[in-house]
Amino acid sequence: MNRTQEIGYTDELLADASVHRRYEDGREEWRSRSGTAGSSVVTWHDNRGAAGTDELLGDRIIKRTLSDGTVVYARDIGYGRTLWGRGETVLVNRSSFGGTMGALLAGLGLAALAVTAAQLPPESLTPEEEEALRQQAQNQASSSGGDGGGGYDGGGDGGEDGDDHAWEVGWDGGDDTWSDDDFG
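The structure reproduced in this document is the subject of the present report. (Residues numbered from 1 in each chain as written. Predicted model: local features only at pLDDT ≥ 70, side-chain atom pairs only at ≥ 80, totals over all residues. Heavy atoms only, no water.)

### Digging into the overall build of the protein
Turning to step 1, where the next piece is worked out: Within the protein, the secondary structure is distributed over two helices and nine strands.
Turning to step 2, where the next piece is worked out: With 184 residues in all, the protein has 47% of them scored as buried.
Turning to step 3, where the next piece is worked out: About 8400 Å² of surface is accessible on the protein, with carbon and sulfur atoms providing 52% of the total. (Helix = DSSP H or I, 4+ residues; strand = E, 2+ residues; numbered from the N terminus. Buried < 20%, exposed > 50% of the residue type's maximum accessible area, 1.4 Å probe, protein only. Areas by Shrake-Rupley, 256 points an atom, 1.4 Å probe, with all protein chains shown as cover.)

What follows is the structure, encoded as structure tokens:
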């Protein structure tokens, strides 16, 4: 596997309940939840003219659809980290506790080392596979007594290892108030 590029980011909740994300490489994104409260889809546009949607599927997989129809997948690998492509890029959320842990791992040179082949996102999914993952996410949300925490925000902090869900950065599941364990 090639050397993984680590790019940190921070999120700021804006007055209109959208999120302004600033990446360490100079990119900026403006993100807002699509549809109803609890939606797992986030609409975004950036300072470089790109736009699209991000959707949290099951198994911690994120589907990014660009405005031209191109689809790419990522996986939330925990501790404020989201793995994109075939391991080329890890986004590190520096806005939350999990992101702090991700930053610590990166500082120790362990962020890329901790990435395994099992954590790589899929290169492609069929519509049927995507729907099965959506159902899985919905079942997990209803079995936990919540609505899934809002939705995906494109970053990555992850749930199963005890840290917050940065992929849900900025909104809690029921309304448009800031919650650090939402969208990331």
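### Side note on the side chain of H20
Turning to step 1, where the next piece is worked out: Note on placement: H20 falls in strand 2 (residues 19-23).
Turning to step 2, where the next piece is worked out: By relative accessible area, which is 6% here, H20 ends up buried.
Turning to step 3, where the next piece is worked out: Side chain to side chain, H20 and R22 meet in a polar contact 3.1 Å long.
Turning to step 4, where the next piece is worked out: Side chain to side chain, H20 and E28 meet in a polar contact 2.5 Å long. (Polar contact = N/O pair within 3.5 Å; in protein donor to acceptor, adjacent residues only side chain to side chain.)

### Comments concerning unusual backbone geometry
Turning to step 1, where the next piece is worked out: If you check the backbone angles, D59 has positive phi at about 55 degrees while not being a glycine.
Turning to step 2, where the next piece is worked out: Locating D59 in the fold gives a position in the loop between strand 5 (51-56) and strand 6 (61-66).
Turning to step 3, where the next piece is worked out: Even without being a glycine, Y79 presents a positive backbone phi close to 55 degrees.
Turning to step 4, where the next piece is worked out: Looking at Y79, the relative accessible area reads 27%, which means it is partly exposed.

### With respect to the packing of aromatic side chains
Turning to step 1, where the next piece is worked out: One pass over the full model with this rule turns up one aromatic pair.
Turning to step 2, where the next piece is worked out: For the ring pair Y9 and Y23, a centre distance of 5.7 Å and an interplane angle of 50 degrees mean the geometry is tilted. Remark: Y23 occurs in strand 2 and Y9 occurs in strand 1 (residues 5-13); sequence separation between them is 14 residues.
Turning to step 3, where the next piece is worked out: Just above the ring of Y23 sits the side chain of R27; from NZ or CZ to the centre is 4.0 Å. (Phe/Tyr/Trp six-rings, centres within 6.5 Å; stacked < 30°, edge-to-face > 60°. Lys NZ or Arg CZ within 6 Å of the ring centre and 35° of its normal.)

### A look at the pattern of salt bridges
Turning to step 1, where the next piece is worked out: Applying the stated criterion to the full structure yields 15 salt bridges.
Turning to step 2, where the next piece is worked out: The residue R134 makes a salt bridge to E130 at a minimum N-O spacing of 3.3 Å. Taken together, the residues span about one helical turn, with R134 and E130 both in helix 2 (residues 127-143) at a distance of four residues.
Turning to step 3, where the next piece is worked out: Under the relative-accessibility criterion, E130 is labelled buried at 8%. (Salt bridge = Lys/Arg side-chain N within 4 Å of Asp/Glu carboxyl O.)

### Overview of the nonpolar core
Turning to step 1, where the next piece is worked out: Core analysis: the biggest nonpolar cluster contains eight residues, these being I7, Y9, Y23, L56, I62, A74, W84 and L91.
Turning to step 2, where the next piece is worked out: Residues contacting I7, with those up to four places away along its chain left out, are Y23, E24, D25, R27, T89, V90, L91 and V92.
Turning to step 3, where the next piece is worked out: Of all hydrophobic cores here, the second largest spans six residues; its members include I77, L83, V92 and V115. (Core = buried A, V, L, I, M, F, W, Y, C linked by side-chain atoms within 4.5 Å. Contact = heavy atoms within 4.5 Å.)

### Details of the sheet that holds strand 3 (residues 28-33)
Strand pairing in a sheet relies on backbone hydrogen bonds, with the paired strands running either antiparallel or parallel.
Turning to step 1, where the next piece is worked out: The strand order around the closed barrel built from nine strands is 1-2-3-4-5-6-7-8-9, with neighbouring strands paired in mixed fashion. The mean angle between the axes of side-by-side strands here comes to 30 degrees, regardless of whether they run parallel or antiparallel.
Turning to step 2, where the next piece is worked out: Relative to strand 8 (residues 81-84), strand 7 (residues 71-78) runs antiparallel, the two being bridged by four bridges. Residue pairing across strands places D76 opposite T82, the latter belonging to strand 8. (Pairing = 2+ DSSP bridges. Axes fitted to C-alpha atoms, helices over the stretch in contact; angles between N-to-C directions.)

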